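# Tertiary structure, described
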Amino acid sequence: MPRTRYFALCSIALLGSANLSFATILTDPASHVNVFIGTTNGGHVFPGASLPHGMIKAGMDTDSPGNQAGYDADATFHATGFSQLHDTGTGGGASLSNFKLWPLPECSAFDNCTTSLMSRKTLRTTHSDGTPDDHGSPGYFTTNLTTGVRVELTASRRTALHRYTFPASSRIPRIIVDITNDGMESSFGPTVDIDPHSGRVTGGAKFSASFGRGSYSLYTCVDFKGDGYEAPFVSEYGVYTGDQPVKNRTNFTQGYASEMGALIGFHPSHNATHKTTTILARAGVSFISSAQACKNAESEIPNFDFDETWSKGRKAWNDLLGRVQVDTDGVEKEIIDLFYSSLYRTHIVPADYSGENPRWNSTEPYYDSFYCNWDTYRTLYPLMSLHDPEEFARIVRGMIDIQQNEGWLPECRGATVKQYVQGGSSGDPILAEFFVKFHNHAKALNVSADALYAALIKDAEVQPGDWDMQGRQVDAWKKYNYIPSDVHEYGGMNTRQVSRTLEYAFNDFTIAQVSKLLDKTDDFLKYSQRATNFFNVWNSAVSLPGHPEVKGMMQPRFASGEWNYTDPRHCSAQDPTHSACYLDGFNTDGFYEGSPMAYSQYVPQDTARLIDLQGGKDSFIKRLDLIFDDEYFDVSDEPSQQIPFMYHYADRPGLSTQRSRQIIHRFYNTTVRGLPGNDDSGAMGSYAVFYLAGLYPLPATRQFLLSSPYFPKISFFNPVLKTTTTFKAIGFKGNPQDGKGGTVFVKSVKIDGKRWKSNCYLEWDVFLQGSTVELELTDDINGTCGGTYTLPPSLSTGGYSQGIPIYAASDPGRISHPRLTYSGTWKSDRYRVLGRAAEVLFCAFVITAIALSRCGRARIYRTYIHLRARHTSSMA
């Protein structure tokens, strides 16, 4: 058993639960969620009804060109339908948006109803300021259409419930069930069937993937019920193609139909109790069959109870969001709402499609909407580690199951279809993040360590035939130790060579972290060595045009070892050619969603070595300043996310604090334009949560970079560890409005009353044990990490290697693997056994002592910390 398990058991026994003394416990954090943040201007956020990670995401679709999540908050765009499935925050084509329902309050006759997408669409009613009359909260959405119909939506996991309230003037309220119009209008092979007695509509079609080459089949089952009245109910029915309804026809199948569906009319409810007619529409969805869609609906919402479904959804969101508590005293409502809204968006996807996998039979969970792992591995999953590890474990199990059935871990997956890889094998850091944090709990969470490791090794060692859709370009990686500009191999686009080199290096670093925990020493050394391959695309001779002092840059390279060249300004705000670096098969510059200036800071596993390459701390700080001041920092793309916190590694954490706060001030707010770009499936939401909490994670490590929170107090409850960790900002005086200055800089840190060695980072132990972290704040921006050995760890300084420093080659341009050197040798088995025996005995002593005298807890804890420090030092 790893020694960390003994430490964890001792720590939990010693500390118990943290003392929470919040003035007010937020019992309804969902009330602080603004679901409309980022719903226009490119944010592509889904604002509709869903459970946490639910498959169903019921929401409005508009005719906006930016309707990747269906909705646009700009009221000048028309509503076109209310569909059951969406993604959130993505680029690519408008994904999902399947099976739109649409209310028609009045037609002169059934045959004259306007059923096509373009002819039926209408505007929403607006407020006096021109904003649409749309409202929403977690699990609920509503709007008022200019046709006089009020629409409300709520959801269970695989079923949506719609409530349509028609105006009193509606003689025959009708509802369209649109089978064909997904977001990209890509359907083929549609079919529809109507039960003339109940009005039940079943059907389905095939649709194209939004960011890949494949297609998927999807089915629905829609039932109707009068709200407050029963029979007579259905008054007329039929199918339609385009704007041609055919009355009394019950089915239709066609190889291709651009517009097809069902039209159902209802008797109105005009009596003394109901002046208007309200129709409930229950829409089950399945990737298996229409029959499965009906079963989903009948089992999840059997009674058409809208308010009960809404209430259950609200409770599920509050239970989840309430695991993170903030002290609101002295904090602006804008900040509180921004925090919980950002936290909310991290739990929309990936989506739990368990029971809906049409591609193989399995009892394991099945998750989808990984769109894409390259966006989310940096901050979304480390955030789940803090407060939602059970869901995280299910996601990991689902990813492993995909690997076992398709060969490699999923990358960019949507609607059961593999989609294009953006960077490396970005499932690797997700699995490694889970295992580094929860290896001692993996078995209890039904995660197989052997299967997890096998999935990582497959990504690292075996090249798939379609490495554009999964896995890596492994053969070139192992042969050249970087991805050359001029090596063309079947299976993928010869693009993003520098970006993929850096990603592959980080992927291998995360595998090394898992290898270390599994005592696979040879693999640990191998993948730690491969993690240093980023040096092979560092060209020390290239400088930034106009800034000769900024020398050394990540650059593309040919297979011969000769250098290619990309202007360091490329794909930045300073790019004279105004180029973009998005996924493009003809893009030969070597970079993806980031400039060479940004990627030259992108070595998260070894920032210490990066500082050496850039001429030392002072030069490193000057380069960081230039990146911000000259707008090379791109907050909308993930390779830049860590840059504001990188001053920590140069012993200037105050500069990190100020830069990160300026970013929140400049780029994030609670308006519909409150994001700096796509939310990227919650990547930007989780990024904002960490910044507001005063933390920044490095995936697959036990360390968190440390700043100050925007709250006097913030706590994280972890239901697997059964611990609560609380951060207290001692001397909190509020948050400077422009992100500059203020009493926000960390002067010193105490953990459970004991002075912590560093002002710059914390260990996972504070969450594992459940600790109180006290941050003494100052207005002095010039503070340091606290002295010798207080900088955050890096690969080249031995920070992740348990006493085995890994030094880079003296020539960073060399192609062969940099050499590993050792500060010592691995301790013998004898010392390991003795050390672990001592731990067991000490744990027994601690627990016995606590049982005898709870008054002695503080003294015992001090003794434990002292002995643990000595033991850890001897093991190193």
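One can find the structure itself at the top, above this paragraph.
From a predicted model like this one, the values you see are computed outputs, not experimental measurements. (Residues numbered from 1 in each chain as written. Predicted model: local features only at pLDDT ≥ 70, side-chain atom pairs only at ≥ 80, totals over all residues. Heavy atoms only, no water.)

With antiparallel pairing, the 3 strands of this open sheet are ordered in space as 24-25-30. Strand pairing shows two members of the sheet lacking a second neighbour, strand 24 (695–697) and strand 30 (761–763), which therefore form its edges. Taken over all neighbouring pairs, the strand axes of this sheet differ in orientation by 30° on average, direction set aside. By the bridge criterion, 3 bridges tie strand 25 (residues 703–706) to strand 30 in an arrangement that is antiparallel. Each bridged residue has a counterpart across the sheet, and for Leu 705 the counterpart in strand 30 is Tyr 761. (Pairing = 2+ DSSP bridges. Helix = DSSP H or I, 4+ residues; strand = E, 2+ residues; numbered from the N terminus. Axes fitted to C-alpha atoms, helices over the stretch in contact; angles between N-to-C directions.)

Moving on to unusual backbone geometry. Backbone torsion omega between Val 349 and Pro 350 reads 0°, so that peptide bond is classified as cis. Residue position: Pro 350 is located in the loop between helix 5 (333–345) and strand 18 (351–352). The peptide bond linking Tyr 371 to Cys 372 adopts the cis configuration, its omega dihedral lying at 5°. Residue placement: Cys 372 occurs in the loop between strand 19 (367–368) and helix 6 (373–376). Positioned with a positive phi, His 44 is a non-glycine residue whose angle comes to about 55°. Along the chain, His 44 falls in the loop between helix 1 (3–15) and strand 1 (59–62). With relative accessibility at 12%, the residue His 44 sits in the buried group. Residues other than glycine seldom take positive phi values, yet Asp 651 does so here, at roughly 70°. Take Asp 651: it is sitting in the loop between helix 16 (617–629) and helix 17 (653–667). (Buried < 20%, exposed > 50% of the residue type's maximum accessible area, 1.4 Å probe, protein only.)

Before going further, it helps to spend a moment on the pattern of salt bridges. If you walk through the whole model with that rule in mind, you get 41 salt bridges. For Arg 163, the salt bridge identified is with Glu 152, shortest N-O distance 3.0 Å. In this pair, Arg 163 is assigned in strand 7 (residues 159–166) and Glu 152 in strand 6 (residues 150–155), connecting sequence segments 11 residues apart. When sorted by exposure, Arg 163 lands in the same class as Glu 152, which is buried. Its salt-bridge partner being Arg 200, residue Glu 298 comes within 2.7 Å of it at the nearest N-O pair. Taken together, the positions of Glu 298 in helix 3 (residues 290–300) and Arg 200 in the loop between strand 9 (188–194) and strand 10 (201–208) put the pair 98 residues apart, joining distant regions of the chain. A network of salt bridges, in which partner residues are shared, links Asp 428, Glu 461, Arg 472, Lys 478, Asp 508, Lys 526 and Arg 530. (Salt bridge = Lys/Arg side-chain N within 4 Å of Asp/Glu carboxyl O.)

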